[in-house]
Amino acid sequence: MLLEVKDLVAGYDGSRVLNGVNLSLDTGESVAVLGRNGVGKTTLMESIMGLVRPSSGQVLINGIDLARKPPSALAKAGVGIVPQGRRVFASLTVEEHLLISARKRGEWTVKSVMELMPRLGERRTNLGSQLSGGEQQMLAIGRALVGNPKLLVLDEPSDGLAPAVVGQVGDVLTRLRSTGLAVLIVEQDLRLAFDVAERVLVMQKGEIVHSSSTAEFRADGKRAHALLGVG
Ligand SMILES: Nc1ncnc2c1ncn2[C@@H]1O[C@H](COP(=O)(O)OP(=O)(O)O)[C@@H](O)[C@H]1O
Ligand SMILES: [Mg+2]
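In this report, the structure presented in the accompanying data block is examined. Model, not experiment: these values are computed from the prediction.

So, empty space enclosed by the protein
1) Next: One pass over the full model with this rule turns up one cavity of 30 Å³ or more.
2) Next: Reported here for the largest cavity is a volume of approximately 40 Å³.
3) Next: What lines the largest cavity is Thr42, Met45, Glu46, Leu51, Ile81, Pro83, Gln84, Arg87 and Asp155.
4) Next: Among the elements that line the lining of the largest cavity, the one with the most residues is helix 1 (residues 41–48), at three residues.

Notes on helix 7 (residues 163–178)
1) Next: Taking 1.5 Å per residue, 16 residues should reach 22 Å; helix 7 reaches 23 Å between its end C-alpha atoms and fits that length.
2) Next: Listed in full, the buried residues belonging to helix 7 are Val166, Val169, Gly170, Val172, Leu173, Leu176 and Arg177. The buried side chains of helix 7 occupy one side of the element, clustering within an arc of 160° when seen end-on. Across helix 7 from its buried face, at more than 90 degrees, point the exposed residues Ala164 and Ser178.
3) Next: Close packing links the buried residues of helix 7 with strand 3 (30–34), helix 4 (110–116), helix 6 (133–145), strand 7 (151–155), strand 8 (182–186) and helix 8 (190–196).

Some words on the environment of alanine 164
1) Next: As for its placement among the helices and strands, alanine 164 is situated in helix 7.
2) Next: On the basis of relative accessibility, which here comes to 56%, the residue alanine 164 falls in the exposed class.
3) Next: Along the primary structure alanine 164 and serine 132 are separated by 32 residues, whereas in three dimensions their C-alpha atoms are 13 Å apart.

Some details on the packing of helix 3 (residues 94–101) against helix 6
1) Next: It is the contact of helix 3 with helix 6, at a shortest axis distance of 8 Å, that shows an interaxial angle of 25°. Considering their axes alone, helix 3 and helix 6 lie roughly parallel with respect to each other. For the element pair helix 3 and helix 6, the recorded crossing hand is right-handed. From helix 3, Val94, His97, Leu98 and Ser101 reach across to helix 6, where they touch Leu139, Gly142 and Arg143.
2) Next: Of the residues belonging to the contact of helix 3 with helix 6, the class tally is three nonpolar, three polar and one charged.

Here we look at the layout of surface pockets
1) Next: Size it by volume and the largest pocket reaches roughly 500 Å³.
2) Next: Together, 20 residues line the largest pocket, and Met49, Ala75, Ile81, Arg103 and Arg143 are the ones closest to its centre.
3) Next: Going through the elements one at a time, helix 2 (71–76), strand 6 (79–82), helix 3 and helix 6 are the ones with two or more residues in the lining of the largest pocket.
4) Next: Among the residues forming the lining of the largest pocket, the class breakdown is eleven nonpolar, six polar and three charged.
5) Next: Lining the second largest pocket are 13 residues, with Pro163, Val166, Gly167, Asp189 and Arg191 positioned closest to its centre.
6) Next: At the level of secondary structure, the elements contributing two or more residues to the lining of the second largest pocket comprise helix 7 and helix 8.
7) Next: Residue contributions to the lining of the second largest pocket peak at six residues, all from helix 7.
8) Next: Of the residues in the lining of the second largest pocket, the class split is five nonpolar, four polar and four charged.

Structural notes on the sheet that holds strand 2 (residues 15–25)
1) Next: Taken in spatial order, the four strands of this open sheet run 2-1-4-5, and their pairing is antiparallel. Among the strands making up the open sheet, the edge pair consists of strand 2 and strand 5 (64–65).
2) Next: Pairing analysis gives eight bridges linking strand 1 (residues 3–12) to strand 2, with the strands arranged antiparallel. Bridge assignment links leucine 8 to a residue of strand 2, and that residue is valine 21.
3) Next: Strands strand 1, strand 2 and strand 4 (56–61) of the sheet are contacted by helix 1, whose axis makes an angle of about 115° with strand 1.

Topic: the site of ligand 1
1) Next: Every residue lining ligand 1 is accounted for by Tyr12, Val17, Arg36, Asn37, Gly38, Val39, Gly40, Lys41, Thr42 and Thr43.
2) Next: A distance of 2.7 Å separates an oxygen atom of ligand 1 from a polar atom in the backbone of glycine 38.
3) Next: For ligand 1, the accessible surface in isolation is 560 Å², of which the surrounding protein chains cover 55%.
4) Next: Ranked by residue count, the leading element in the shell around ligand 1 is helix 1, at three residues.
5) Next: Partitioned by chemical class, the residues of the shell around ligand 1 number three nonpolar, five polar and two charged.

A few points about helix 1
1) Next: Burial analysis of helix 1 places seven of its eight residues in the buried class, which makes it a mostly covered element.
2) Next: Inspection of helix 1 places Lys41, Thr43, Leu44, Met45, Glu46, Ser47 and Ile48 among the buried residues, and these make up the whole buried set.
3) Next: A positive backbone phi angle near 85° is found at glycine 50, which sits one or two residues after helix 1.

About the criteria used
- Residues numbered from 1 in each chain as written.
- Chains lettered and ligands numbered in written order.
- Predicted model: local features only at pLDDT ≥ 70, side-chain atom pairs only at ≥ 80, totals over all residues.
- Heavy atoms only, no water.
- 1 Å grid on protein atoms, 1.4 Å probe; cavity = no way out; pocket = protein on both sides within 12 Å on 5 of 7 lines; lining within 4 Å.
- Points joined across faces, edges and corners; volume = space filled by probe spheres on them.
- Helix = DSSP H or I, 4+ residues; strand = E, 2+ residues; numbered from the N terminus.
- Expected span 1.5 Å × (residues − 1).
- Buried < 20%, exposed > 50% of the residue type's maximum accessible area, 1.4 Å probe, protein only.
- Arc of directions from axis to C-beta.
- Contact = heavy atoms within 4.5 Å.
- Axes fitted to C-alpha atoms, helices over the stretch in contact; angles between N-to-C directions.
- Parallel < 35°, antiparallel > 145°, perpendicular 65-115°, else oblique.
- Left-handed = near helix turned anticlockwise from the far one by under 90°.
- Nonpolar A, V, L, I, M, F, W, Y, C, P; charged D, E, K, R; others polar.
- Pairing = 2+ DSSP bridges.
- Near = heavy atom within 4 Å.
- Polar contact = N/O pair within 3.5 Å; in protein donor to acceptor, adjacent residues only side chain to side chain.
- Areas by Shrake-Rupley, 256 points an atom, 1.4 Å probe, with all protein chains shown as cover.

Structure representation (structure tokens):
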């Protein structure tokens, strides 16, 4: 198993957010985590990445527990993160973002990322502050890719983007999926989640309360509505 999260408990200043999360993701698999605002999706992603320190539980990458290890250890083990809000630096250029993140050798280089997302090539000398939301999102994805991850973790990549731009992000993710890259994606945009993921998990109050194939989840609209409070 590429990623296994076992009984993960985490929170902030004594308030518990994750109440024992269990999930697993196979090599090359893609899984979406859905759930209403505030249920703990970002806390889960940040606990996996070492940005939030879980109080108990395990985050196994290829069988090795990296819970409570720093983000650099997760990156080294092959996990790339595209954080909620993108976190692009205002005063670095597109190319500088990619160069400082290019650690591991592999298929993804500054050049191949710009081939995948030509807009980044066109904007190569522009500063983060000069990019549109969609361009920043592409850059956040490119920055994770140049680390040559085995698993890409994305936290609400559609956030704040116009529908056409969400479609472009979806196209990029679909192409990455076809290369065998595993994806763990948190999304509010169900269309994007369904396009990218084979399997759907739903979180409520810091726990995974539903797991099914994407097809099964889509076929039972009533249940989806009950779980998410959306159509
Ligand atoms: N840095 C933080 N400090 C304190 N509380 C936080 C912090 N980040 C999130 N929370 C709280 O943790 C809960 C879960 O938040 P979050 O993981 O961001 O949920 P989601 O991503 O599902 O919207 C919320 O009640 C939120 O207010
Ligand atoms: Mg969130």
